[in-house]
Amino acid sequence: RGARQGAAAGRELWSSQEADFSKARKRLEEKPQSIQRTKGSEILFGIAPCSLALSQSRRDLFRLFLKQSSSSRRLVTSEFVLQATARGVPVHHVKRRELDALCRDGVHQGVCLEATPLRFKSLEEAEKPDLGDEESPNRQLIWLVLEQIQDPMNLGALLRSAYFLGVDRVVTSQRNSCPLTPTVSKASSGAMEVFDVYSTDDLRSFLKAKAAEGWEVVGTVSKPEDVENVPVIGCLEFRWNKPLIIVIGSEGDGLSLETQLLCHRMLVIPPGRALHPGIESLNVSVATGILLHSICSQKLRHGD
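Residues numbered from 1 in each chain as written. Predicted model: local features only at pLDDT ≥ 70, side-chain atom pairs only at ≥ 80, totals over all residues. Heavy atoms only, no water.

**Comments concerning the overall build of the chain**
Thought 1: A count of helical and extended segments in the chain gives 11 helices and 12 strands.
Thought 2: Split into buried and exposed, the 304 residues of the chain put 42% on the buried side.
Thought 3: Long-range pairs, those at least 24 residues apart, make up 87% of the contacts in the chain with a sequence separation of at least 6.
Thought 4: By element, 51% of the accessible surface of the chain is carried by carbon and sulfur atoms, the whole surface being about 17,100 Å². (Helix = DSSP H or I, 4+ residues; strand = E, 2+ residues; numbered from the N terminus. Buried < 20%, exposed > 50% of the residue type's maximum accessible area, 1.4 Å probe, protein only. Contact = heavy atoms within 4.5 Å. Areas by Shrake-Rupley, 256 points an atom, 1.4 Å probe, with all protein chains shown as cover.)

As structure tokens, this is what we get:
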């Protein structure tokens, strides 16, 4: 009987050790291979950002990484291979976990692209080439100015709305603002890859200069009682007939007081019901989408 118990204990010990070895081997197999990045590069991820980056000439492109595909994704994969081949970009087929590691578990949809970062453009380098067209007397220009937008998801959503609704230019403040990261590009559904974004290190001087040129500068606010010394108007009543700048403030604090005082008017979105304290405002990108649609639809009606 003792021999049988000893044999059983031995089998249990062996089984336990085998299970431990099996787990260790599985962990090693699951550990993604480390892919060495090109110095100074970043990893774009997602179908729209990668496809649009491949179709433009705004970035230097190093490598395209595609998930080893099932039959359902072969069409997408073959289109990417064609795009990459046309640009002379090497294509690597890798496992999903390699893609997860490359983009730090972003939603890559089976596609990552190694490329140089996009930078903000300075206003000086792009102001002049557009002026002939922009000063056409019938043209209603609209620029979106962002003061200290810090969340990359918000910035991406703002760029997507601005591009879709027909904003002519987006300008951000350099200080305390989110850079143009791969997360911003993904949140913009790739709009960042085709839409120039400008920045200024002196937002107030920029707004003063545009006002002196005849532009109307319009700020935004959640509640009319938060504003002093600047007229407040509901976005549906707002009308415009000259070049327009809409200034959007940071996620938490809105527009700074100094910037508010440079605005000719402040826009507010009227709520549809009495609001509970603590949920009295909209997400900044949602509010901006509503405001831009209200304002840009006038531009579409009037035509150029």
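Still more ground to cover, so stick around.
**Notes on the pairing of strand β1 (residues 42-45)**
Thought 1: Every second residue of β1 is oriented toward a common face, with Glu42 and Leu44 on one face and Ile43 and Phe45 on the other, all of them buried.
Thought 2: Looking at chain direction, β1 and strand β4 (residues 111-115) are connected through four bridges and run antiparallel. Residue glutamate 42 lies in a different strand from β4, and its bridge partner there is alanine 115. (Pairing = 2+ DSSP bridges.)

**Considering the packing of aromatic side chains**
Thought 1: Summed over the entire model, instances satisfying the criterion amount to three aromatic pairs.
Thought 2: What links up through ring pairs into an aromatic cluster is the set Trp143, Phe206 and Trp215.
Thought 3: Positioned above the aromatic ring of tyrosine 198, the side-chain terminus of arginine 169 is 4.5 Å from the ring centre. (Phe/Tyr/Trp six-rings, centres within 6.5 Å; stacked < 30°, edge-to-face > 60°. Lys NZ or Arg CZ within 6 Å of the ring centre and 35° of its normal.)

**Focus on the pattern of salt bridges**
Thought 1: Counting across every chain of the model gives 10 salt bridges.
Thought 2: The partner of arginine 63 in a salt bridge is glutamate 114, and the shortest N-O contact between them spans 2.8 Å. A residue pair is termed long-range when its members are at least 10 positions apart, and arginine 63 in strand β2 (residues 61-67) and glutamate 114 in strand β4 qualify at 51 residues.
Thought 3: On the basis of relative accessibility, which here comes to 18%, the residue arginine 63 falls in the buried class.
Thought 4: The salt bridge involving glutamate 147 is made with arginine 204; its shortest N-O contact spans 3.6 Å. Of this pair, glutamate 147 sits in the loop between β6 (142-146) and α7 (152-165) while arginine 204 sits in helix α9 (residues 203-212), placing them 57 residues apart in sequence.
Thought 5: Several salt bridges share partner residues, and in doing so they unite Glu42, Arg59 and Glu193 into one network. (Salt bridge = Lys/Arg side-chain N within 4 Å of Asp/Glu carboxyl O.)

**As for the sheet that holds β2**
Thought 1: Spatially, the four strands line up as an open sheet ordered β1-β4-β2-β3, and their pairing is mixed. In this open sheet, the two edge strands, each paired with only one partner strand, are β1 and β3 (91-94). Direction aside, neighbouring strands of the sheet carry axes that sit 25° apart on average.
Thought 2: Alignment of β2 against β4, held across five bridges, turns out to be antiparallel. In the strand pairing of β4, leucine 66 is matched with valine 111.
Thought 3: Seen against the sheet, helix α3 (residues 74-87) touches β2, β3 and β4 and runs at an angle of roughly 165° to β2. (Axes fitted to C-alpha atoms, helices over the stretch in contact; angles between N-to-C directions.)

By themselves, these are just geometric observations and shouldn't be taken as functional.
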